[in-house]
Amino acid sequence: GHRNTHYVSTMKISSRILPGPLAAGNRCADWGWQGLLAYGSQNLVVVVEPRTVQVFQTLEHHKHTVTKVKWCYENYHHSLASPYGLRLASSDSSGQVVVWDVSEATIRAEFSENSKPILDMEWLSYQDSVRDFLAILHPSSVLVLWNADTGTKVWKKNLSETLVSFSIDPFDKKHLAVLSQDCLLFVDEFSSARVPSSAPRKFYIASSTSAAVGARQRSAMKRVRQLVGDSKKSDEPTSFNDCLQMCYSPACRHHLFLLYPREILLLDLQIYQTIGVVPLERNGSAFQQITACRQRDVLFCLHDNGCVSMRIRRKYHLKDLSSSTQVSSLLTSQNLDVVYDLRCQSDALRLSKHNKVVRMCVNPVDERTVALVLSDGRVLFWQLLASQRLMPVSVVGLSDPCLVPPLSPPSQAVDGTVNGGASLLRRPSSSLSLADLFGPQSFPGVSKLQPLGNSLSYVTLKLVLNGLLQTVAAPPLCLRMCPPLTTKNFTIYEPLLAAGTSNGNIQVFNLESAHLHREFTVHTSPVRGMDWLDMHRLLSFSYPSVSGAALVRNELKMVHVKSGICTTVRFSKEDEPTMEAVKVSFSRQYFAVLIKDRPLELWDCTHVTLLREMSGDFPVPVVMEWSPMHLPKSLARHGRAAMASAGMNEAKVLGREHFVMTDSTNTLLHYILEGSAVKEAVKISLEGMGTVTYMAWKGDVLVIGDLDGQVSFWDLKKKVSKNVMAHRSAVKKIRFAPGKGNALMGVLYSNGHFDIVASHTSDIIASLKTIRAHDFEFAASDKPTIACSTGCIRVMDYKLQNSMCPVSASVQMEPVFCPRVLLGKAGLLLKSVLQHQPWRDSYSFDADVFPRAEDPDESPVETAASDQFKTLPQSLKSSLADTSLGVAHRCLLTAKLFGDEYEASFWEVALYYLIQQKERRKDPNYKSVLEAEPINPTTDIFSPQRDAKTSVGNRDDLVGALGSPAATASNSTELKPLECVASAPSGAPSLETTFMLDACHDVLVESADFQHLQLYRVALHDSKRSTYDHTQKCAAELIYLKQTDRVVQLLLETDAENDQYYSDALRACLVATIRSSGASQSTIKLVATNLIANGRLSEGVQLLCLIDKGIDACRYLQSYEEWEQAAWLAKATLSERDCAEVFLRWADHLSSPPASKKHKAVLIYLSFGLFHKVLETLYSMRQFDLAAMFAEACLEFKVVDESSDLNSLIEAIFLEYARYLHSLGSRQGAINYCSKAGENGSQLLRNEIQINATNVDTDEHTSNPEDSSAETDSSTSASLV
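Small disclaimer: the values here were computed from a predicted structure and weren't measured.

Participant: Please give an account of the sheet that holds strand E43 (residues 623-626) that cites residues and values.
Facilitator: The sheet built from four strands is open, its strands ordered E43-E44-E45-E46 with antiparallel pairing. Looking along the sheet, the strands with just one partner apiece sit at the ends: E43 and strand E46 (677-685). This sheet shows a mean twist of 20° between the axes of neighbouring strands, independent of strand direction. As paired strands, strand E44 (residues 656-662) and strand E45 (residues 667-674) are joined by seven bridges and run antiparallel to one another. Paired with Met661 across the bridge in E45 is Leu669.

Participant: How would you explain the pattern of salt bridges if you had to name every residue and give the values?
Facilitator: Counted by the stated rule, this structure contains 47 salt bridges. Put simply, Arg87 and Asp132 hold a salt bridge, and the shortest N to O gap is 2.8 Å. A residue pair is termed long-range when its members are at least 10 positions apart, and Arg87 in strand E7 (residues 87-92) and Asp132 in the loop between strand E10 (120-123) and strand E11 (133-138) qualify at 45 residues. The exposure class of Arg87 is buried, given its relative accessible area of 4%. Classification of Asp132 as partly exposed rests on a relative accessible area of 23%.

Participant: Can you tell me about the side chain of Thr662, naming the residues and giving the values?
Facilitator: With respect to the helices, strands and loops of the structure, Thr662 is situated in strand E44. What Thr662 contacts, discounting residues up to four positions off in sequence, is Val620, Pro621, Val622, Val623, Thr667, Leu668, Leu686, Val692 and Met695.

Participant: So what about helix H21 (residues 1158-1167)? Which residues, and what values?
Facilitator: Because each turn of an α-helix spans 3.6 residues, side chains separated by three or four positions end up pointing in the same direction. Judged by how many residues are buried, H21 sits mostly within the fold: eight of 10 residues are covered. Every buried residue of H21 is listed here: His1159, Ala1161, Val1162, Leu1163, Ile1164, Tyr1165, Leu1166 and Ser1167. The elements touched by buried residues of H21 are helix H8 (901-920), helix H20 (1136-1151), helix H22 (1171-1180) and helix H23 (1184-1197). Immediately beyond the C-terminal end of H21, within one or two residues, lies Gly1169, with a positive phi of roughly 70°.

Participant: Quick rundown of unusual backbone geometry? Include the residues and the values.
Facilitator: Omega for the peptide link from Pro139 to Ser140 comes to 0°, which places this bond in the cis form. One can find Ser140 in the loop between E11 and strand E12 (142-147). Residue Pro475 is joined to Pro476 through a cis peptide bond whose omega torsion reads 0°. Note that Pro476 resides in the loop between strand E30 (455-469) and strand E31 (478-481). One non-glycine residue with positive phi stands out, namely Ala105, at about 55°. Along the polypeptide, Ala105 turns up in the loop between strand E8 (97-101) and strand E9 (106-111). Unusually for a residue other than glycine, Arg1182 sits at a positive phi of about 60°.

Participant: I'd like a description of the pairing of E7, backed by residues and values.
Facilitator: The side chains of a regular strand alternate, first on one face of the sheet and then on the other. The buried fraction of E7 amounts to six of the six residues, a majority that puts the element mostly inside the structure. Because side chains alternate across E7, one face comprises the buried residues Arg87, Ala89 and Ser91, and the other comprises Leu88, Ser90 and Asp92, equally buried. Here strand E6 (residues 66-71) runs beside E7; their pairing, made up of five bridges, is antiparallel. The residue of E7 that forms the bridge with Val66 is Asp92. In this structure, E7 lies alongside E8, joined through five bridges in antiparallel fashion. Residue pairing across strands places Arg87 opposite Asp101, the latter belonging to E8. With antiparallel pairing between neighbouring strands as the criterion, E7 and E8 make up a hairpin whose turn holds four residues, including Gly95 at a positive phi of roughly 90°.

Participant: I'd like a description of the packing of helix H24 (residues 1204-1224) against helix H25 (residues 1227-1234), backed by residues and values.
Facilitator: Contact geometry of H24 with H25 gives a least axis separation of 8 Å together with a crossing angle of 165°. As judged from the angle between their axes, H24 and H25 are roughly antiparallel. Here the hand of the crossing between H24 and H25 comes out left-handed. Within the contact between the two elements, H24 uses Phe1214, Tyr1217, Ala1218, Leu1221 and His1222 and H25 uses Gly1229, Ala1230, Tyr1233 and Cys1234. Considering only residue class, the contact of H24 with H25 consists of seven nonpolar, two polar and no charged.

Participant: Report on the environment of Gly705, specifying residues and quantitative values.
Facilitator: Here Gly705 is to be found in strand E48 (residues 701-706). Since its relative accessible area comes to 0%, Gly705 is described here as buried. Those residues within four positions of Gly705 in sequence are excluded, and the remaining contacts are Thr691, Val692, Thr693, Tyr694, Gln710, Val731 and Ile734.

Participant: Now, about the sheet that holds strand E57 (residues 793-795): what can you tell me, with residues and values included?
Facilitator: Each strand in a sheet pairs with its neighbour through backbone hydrogen bonds, running either in the same direction (parallel) or in the opposite one (antiparallel). What the four strands build is an open sheet, ordered E1-E57-E56-E55; its pairing is antiparallel. For this open sheet the edge positions go to strand E1 (16-18) and strand E55 (773-780), each flanked by a neighbour on one side alone. Pairwise comparison of adjacent strand axes, ignoring direction, gives a mean angle of 20° for this sheet. Two elements, strand E56 (residues 783-788) and E57, share three bridges in a ladder whose sense is antiparallel. Note that in E57 the partner of Thr785 across the bridge is Val795.

Participant: Tell me about the nonpolar core, and please be specific about residues and values.
Facilitator: With 151 residues, the main nonpolar core has Phe906, Trp907 and Phe1190 as its most contacted residues. The element contributing the most residues to this core is H24, with 11 residues. Apart from the residues within four sequence positions on either side, Phe1190 is in contact with Phe906, Trp907, Ala910, Leu914, Leu1166, Phe1171, Val1174 and Leu1175. In terms of nonpolar packing, the next biggest core, distinct from the first, is built from 33 residues, Leu497, Val508, Phe520 and Val561 among them.

Participant: Give a detailed account of the packing of aromatic side chains, specifying residues and quantitative values.
Facilitator: This model, assessed by the stated rule, comprises 29 aromatic pairs. When the ring of Phe257 is compared with that of Tyr340, the centres are 6.0 Å apart and the planes differ by 65°; the resulting orientation is edge-to-face. Of the two residues, Phe257 is situated in strand E20 (residues 255-259) and Tyr340 in strand E26 (residues 340-345); the sequence distance between them amounts to 83 residues. For the pair formed by Phe257 and Tyr340, the shared burial category is buried.

Rules behind the numbers
Residues numbered from 1 in each chain as written. Predicted model: local features only at pLDDT ≥ 70, side-chain atom pairs only at ≥ 80, totals over all residues. Heavy atoms only, no water. Pairing = 2+ DSSP bridges. Helix = DSSP H or I, 4+ residues; strand = E, 2+ residues; numbered from the N terminus. Axes fitted to C-alpha atoms, helices over the stretch in contact; angles between N-to-C directions. Salt bridge = Lys/Arg side-chain N within 4 Å of Asp/Glu carboxyl O. Buried < 20%, exposed > 50% of the residue type's maximum accessible area, 1.4 Å probe, protein only. Contact = heavy atoms within 4.5 Å. Parallel < 35°, antiparallel > 145°, perpendicular 65-115°, else oblique. Left-handed = near helix turned anticlockwise from the far one by under 90°. Nonpolar A, V, L, I, M, F, W, Y, C, P; charged D, E, K, R; others polar. Core = buried A, V, L, I, M, F, W, Y, C linked by side-chain atoms within 4.5 Å. Phe/Tyr/Trp six-rings, centres within 6.5 Å; stacked < 30°, edge-to-face > 60°.

The values are spatial; any link to function lies outside them.
Next comes the structure, spelled out in structure tokens:
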């Protein structure tokens, strides 16, 4: 109720479902890049909007319990042919899979595999052409790939094991790990094109105390866990039976997590061994689930007590690696375990055996918001907050991952602001994601931190509860709708539905927005019935559960809905029979209290006082109903007459009312009530009917239901009746739909069957047979509202066929910014406006940012985009308005707002390398990567050989070369916003460092960082050696990295009894002497070539690396389709120019039709600063919007060299983007980009857009203030006039 400050009633009630508690099988939830949380509730799929914490959509089609939900991965470029959408897959316990269009509440596909249950499912998205494939795992060993768009089966694979779940490698989608009950399976040929042909590799986990090779390992008799063999050894216990979860790490390549109740194992799949163990604290609650983050190497852990803990991987502080002694020390280190430190945790929840946390989800966009779904239907949202403070250097170690670059002193602000203003040296946006809170922990950048005095800037983290979604309480429920809408209450009316719960609480729902308006703790026993005195006061009665005819203590209370004040109206001091009903008259003057086997009690509604308790000779009522006839005129006439004759105040006058009741003899009695006087009018014997259980009266029709299920319709005007026997169970409730002349009514039977009946014909219009109902009401004249046995409340149409509606047709409590609900053009139009507004003098959020459409057919598109634009939260507006990094940064934020994973990953890499290239171009000797001189091939890659000014890894020198604060201040008035990027004060971190790419970007990171990371990884592998094969892998990796001294040590450790002892000894001699034997290099190269030609690729590549022929080794690897291995070797060992050659060849391969991975090629071009290649590739992929925004960013950063070819390419891109904007209805945007597209742009304006002179403002809209070609733009616009 605290969020309804934005709510404005529109008197519109849509068909929808209010979800309730979960079933035992509902243990599924998923938070997608779309920004929405989905989870299963009974047989429903519930979609929640996390920012406003409200139910966004509820989907119903499954007949059984929903067991899995998965949002579609839309990791591809969106366009008019592939617009944004909300696609979700769900499955139930019968194996039925439904693919939903969430915004439209429609089914796109439906399929199943012979009704087999589903263990796990995952969407695929690893090629430019693969968008609709869904992998599903069935018991006990079947893996099926489906085309989720058409519902057809692609292939089926039997894995011959009892399977539990599977996980797809986020770094290489063709690798699949499958968890079975006693082993791990690895599929290496996972593809949508064909079924995996080879059998999966099988591994068992074992604990071993065997001494490793060498004296060094004999002293460390630790028990280690490793994946062993392809055959199970009976004497080695396996431990997969109690494994709760398996998942790949999205932050580090080749890392796999295994979750157990008391520990988390981290496996390195390169050596198939445990490299880290995260133990549970001594008094901690057991682990239940983990989520590994991508932006930073962080684990969110869910515990059995509902607590969420956050653990950050500890940095290994790498010292100066230019010293061979320190490198050797690193490689021989014994304490290199991967450690995840507990940084913060949430408060534990008060859970019971009937209420548990069923699922934890983390927002994949920001990775700092956590959702917990509870079995009672509630959803809790925790947010990770950070605060910075200075810590003494002696207290905080340099390996702490929460260290951040120090804050710049306020006086050194570089953006021209006053003291205390935001500095451009920090991320210009607010902390919107996990990466904004603290820096990477995979690279040694922490050693570059400069302390402020004797302190370092330290981040303190905490998890704060910032949202709670309440749902319908557990059944059974009793319902009562507020008084119907009339001309008198129109200004204050809200469609409020009261739901009494079994624990004594009353929930009040607003059915227009389907949110919980209020919840009151009223009784200590179940609520038995309710009725409204008026729009703000609610009566409810309760008594404890008893058996048989035992006496109870009844409670009758009144709740004021607005104030929450609860008043006891009637409380029995002694035990008495149960209270059966409370009936409020239609005029809201009286209400009656019915107690079993007790006389009728009549009360005054206005003052809530007892008027009269009927005497003992008055018939004991069984069922009672007020008359709706002659109310307005009768009340007015008798009230005025009584007041005039007695001289009384009108407020004290009670008008005449009629009511009917039945007694124990099954006689219908009609009475007239005026004040406290009761007069009997008519008495009729109900012959042919059983004991009456309910009556309802509207207009001239009185409907009576009995214990046998018979319904009798009485037409009081025609004086005829008709009995209908439809069911055998007793009639539980009868209610007429509101509205004059509306003949619809509902009949509920004690077995849960519900009918919609036309009262004037007594015909059944619709029946609800598959769903058992506990109670019902009418929310509107054609909207029956049903409390179901599953705990949800359904607002349905009168034909009982539909309980869903499109998102566009529903009303939300608070405006929701979800651009994916916009169809086609509207979403893309909104995206273009958020990214860039060059046709305006400044970036704006004004209402007129969307120009008026010339085509009337485009008006709905523009209106929809404009309406969504207005709901943009203020916090996001402030981030978008920050233009310190121009178009590139705004495009990154827009991609995250849209949940566009494809563009978000593009702009993350692009923004970093745009900043880096701007820094590099300050050097007068700058050359592009293809023009740079190659490094002396005989030098060691870990020795400082490069010039400090051009070194990628030496950031201290980069920062020192940025300029002094005085120079910055003197030129601040002449600098454009992006020129401030290169104007940092001395000693502060550069933006390049602030936006450093983490290990999740793998080979896209800078060479120096990648080399440090690989050296640490091989040292970690070396410290975990336990078998001969493991030692050989480490030796090969060390050869690649040219650590020959350590290679010799490892080769000499081979035991004399080993068959490879002699060959390893010879290899050790070769490695030790090869650098001093230059004349033999041709022989070694010939041997390496022969080895490769005869299938010994690895051995041949190692020999080439030993003689510094790494570029040749990479070429051989690429010729044998080992593209990723070649990229790793090039990034870890080669000079920047040679590395670029290898990567460009890989990019050409990725761009070829067989590979169909041009999006990866684009990222490779970005990582080498080849921005012209990026533009060419994006243009060839027809991604004109992305190409145009990147061209704008390159021009702003001034990182492209002007040439006729490049200018022609950019003009062609702007021309196509103008045509694209014109197709979206953005006239001003199209004019602006036509003006930048040269003569072709002018022709497009004349021939296609056809702008009239009266609609073109050539002074304000056709020229960009920052464009250097303003004269050309003006002449182009003038020629159009």
